[in-house]
Amino acid sequence: MTGTPRVEVTISHSGWRDSLPEAAECAVAATAAAWRAAGETPGARAEISLLLTDDAAVQTLNARHRAQDKPTNVLSFPLEEHPVSSSEPWLVGDVVLACETVNREARAQGKPMADHFRHLVVHGILHLLGYDHETDEDAAVMEKLEVEALASLGVADPYRPSEPVRSLPRQCA
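Model, not experiment: these values are computed from the prediction.

1. Some details on the overall build of the protein
- Counting secondary structure elements, the protein contains six helices and four strands.
- Of the regular secondary structure in the protein, the N- to C-terminal order runs β-α-α-β-α-β-β-α-α-α.
- Accessible surface, the protein: about 8,700 Å² in total, of which carbon and sulfur atoms supply 51%.

2. Section: the confidence of the model for the protein
- For the protein, the average pLDDT comes to 88, and 88% of its residues sit at 70 or higher.
- Long-range and interchain partners of residues 167-173, a stretch whose pLDDT sits below 50, account for 17 contacts in this model, where long-range means more than four residues apart.

3. A closer look at the sheet that holds strand S1 (residues 6-11)
- Taken in spatial order, the four strands of this open sheet run S1-S2-S4-S3, and their pairing is mixed. Two strands close off the open sheet at either side, each with one partner strand: S1 and strand S3 (74-78). Neighbouring strand axes in the sheet, compared pairwise and without regard to direction, differ in orientation by 15° on average.
- Summarising the sheet, strand S2 (residues 46-53) and strand S4 (residues 90-98) pair through eight bridges and their orientation is parallel. Across the sheet, the residue bridging to Ile48 is Gly93, located in S4.

4. Considering the packing of aromatic side chains
- Per the counting criterion, the structure on display carries two aromatic pairs.
- Aromatic pair Trp16 and Phe117: ring centres 5.2 Å apart, planes at 55°, arrangement tilted. You can see Trp16 sitting in helix H1 (residues 14-19) and its partner Phe117 sitting in helix H5 (residues 113-128), a full 101 residues away along the chain.
- Residue class for Phe117 comes out buried when judged on its relative accessible area of 0%.
- Each ring, one from Trp35 and one from Trp90, has its centre 5.6 Å from the other, and the planes form 45°; the classification is tilted. One end of the pair, Trp35, is in helix H2 (residues 23-37); the other, Trp90, is in strand S4, and 55 residues separate them in sequence.

What counts and what doesn't
- Residues numbered from 1 in each chain as written.
- Predicted model: local features only at pLDDT ≥ 70, side-chain atom pairs only at ≥ 80, totals over all residues.
- Heavy atoms only, no water.
- Helix = DSSP H or I, 4+ residues; strand = E, 2+ residues; numbered from the N terminus.
- Areas by Shrake-Rupley, 256 points an atom, 1.4 Å probe, with all protein chains shown as cover.
- pLDDT = per-residue confidence, 0-100.
- Contact = heavy atoms within 4.5 Å.
- Pairing = 2+ DSSP bridges.
- Axes fitted to C-alpha atoms, helices over the stretch in contact; angles between N-to-C directions.
- Phe/Tyr/Trp six-rings, centres within 6.5 Å; stacked < 30°, edge-to-face > 60°.
- Buried < 20%, exposed > 50% of the residue type's maximum accessible area, 1.4 Å probe, protein only.

What follows is the structure, encoded as structure tokens:
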């Protein structure tokens, strides 16, 4: 039995390779960190898909699925509930990130691109697992899990702007 899901990363926009050459490795590591922080132990048959694309593609998805005709940093699309048996396949869902928006936000917040990217992947994975931030109480739970997952990757608490930002070396594993 495996403690983390199989992660399929598709990079469909060259901006990711230019701004974060290690994006696929960072995505896999951030997914595993979110998984552990949430206490998931799905077995070897859980699968997650991450699409690293551009603002235009995310804007189209955001308009179609959320009635918001604008790009956003990350979208999550849960597919299946956790199966009763760990021997059953579990298609957890898809997470989609927009390169230009993620880059713009990282620069505006004075954060390393890799750290902001890791945060958004963790955020998206937690949404797939049923966490949200619709109420203050739910947001506090989700933020606590994000901070725990990011700390395991060596990323500073993104909710404490006074804390100095530090980043792992260029590799993300």
